[in-house]
Amino acid sequence: MGKVEGGMKCVKYLLFVFNFIFWLMGSFVLAVGLWLRFDPETVSLLNGDKAPDTFFIGVYILIGAGSLIMLVGFFGCCGAVRESQCLLGSFFACLLIIFGSEVAAGVFGFLNKDKIIEDVQNFYSKTYYENSNSTLILSYQKVLNCCGTIANPCPDPAPDTKDCETGIKDFFNNKLYIIGYVGIGIAGVMIIGMIFSMVLCCAIRNSREVI
């Protein structure tokens, strides 16, 4: 069995290091997803019976992606160390699928960002009109430091208190930006990984042909 030498050996070890970093990134993405899912502030805002679940759908996708990235990173490390064309080819295919899914999810999230916020605002407004002193409404006001709505503001709000519709928009914009930044970072790393894996896979094939 032919072994890669010279510059390709450097690529092999770079790919191994990359996959280890990729595995760590998967762990980080999984941790961010779990934090967003079980963050007490977020859960307290979306734990009503009729609360919109669009935001949590995106979070579940993030958790699934993180778990898959950890698995793919592990197989990528094995492929680089063993110089296996099969594992490296599978690694490239998995990265390509994850990359395509991530782009699709990012486009979906970007196009539906305003709808997610609007759904939560409508849910709050409806609940506020039904019972402005309910536990859920008090949770919104405490977490977001807000009171009332644009149409029905609180009679004597504190100087730094905003209406809850604006508070909801600011809060979920920040959460969605976190998801977006994590996704962009992973996409960039995956492109580098696909390049490394293909270069090493071709080098292994060529070395075996020479042998």
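Everything numeric here is computed off the predicted structure, so don't read it as measured data. (Residues numbered from 1 in each chain as written. Predicted model: local features only at pLDDT ≥ 70, side-chain atom pairs only at ≥ 80, totals over all residues. Heavy atoms only, no water.)

1. Digging into the side chain of Gln141
Argument step 1. Within the element layout of this structure, Gln141 appears in helix H5 (residues 135–144).
Argument step 2. Aside from chain neighbours lying at most four places away, what touches Gln141 is Tyr124, Tyr128, Cys146, Cys147, Gly148 and Cys164. (Helix = DSSP H or I, 4+ residues; strand = E, 2+ residues; numbered from the N terminus. Contact = heavy atoms within 4.5 Å.)

2. Quick notes on the confidence of the model for the protein
Argument step 1. Residues at a pLDDT of 70 or more form 91% of the protein, whose mean pLDDT is 79.
Argument step 2. Least confident of the elements in the protein is helix H2 (residues 40–45), whose mean pLDDT is 77; most confident is H5, at 85. (pLDDT = per-residue confidence, 0-100.)

3. Quick look at the packing of helix H4 (residues 85–130) against H5
Argument step 1. H5 packs onto H4 with a crossing angle of 125° between their chain directions and a minimal axis gap of 9 Å. What the angle tells us is that H4 and H5 run oblique. As H4 packs across H5, the resulting crossing turns out to be left-handed. Packed against H4, whose contacting residues are Val120, Phe123, Tyr124, Thr127 and Tyr128, the element H5 presents Leu136, Ile137, Tyr140 and Gln141 at the interface.
Argument step 2. Here the residues of the contact of H4 with H5 sort into seven nonpolar, two polar and no charged. (Axes fitted to C-alpha atoms, helices over the stretch in contact; angles between N-to-C directions. Parallel < 35°, antiparallel > 145°, perpendicular 65-115°, else oblique. Left-handed = near helix turned anticlockwise from the far one by under 90°. Nonpolar A, V, L, I, M, F, W, Y, C, P; charged D, E, K, R; others polar.)

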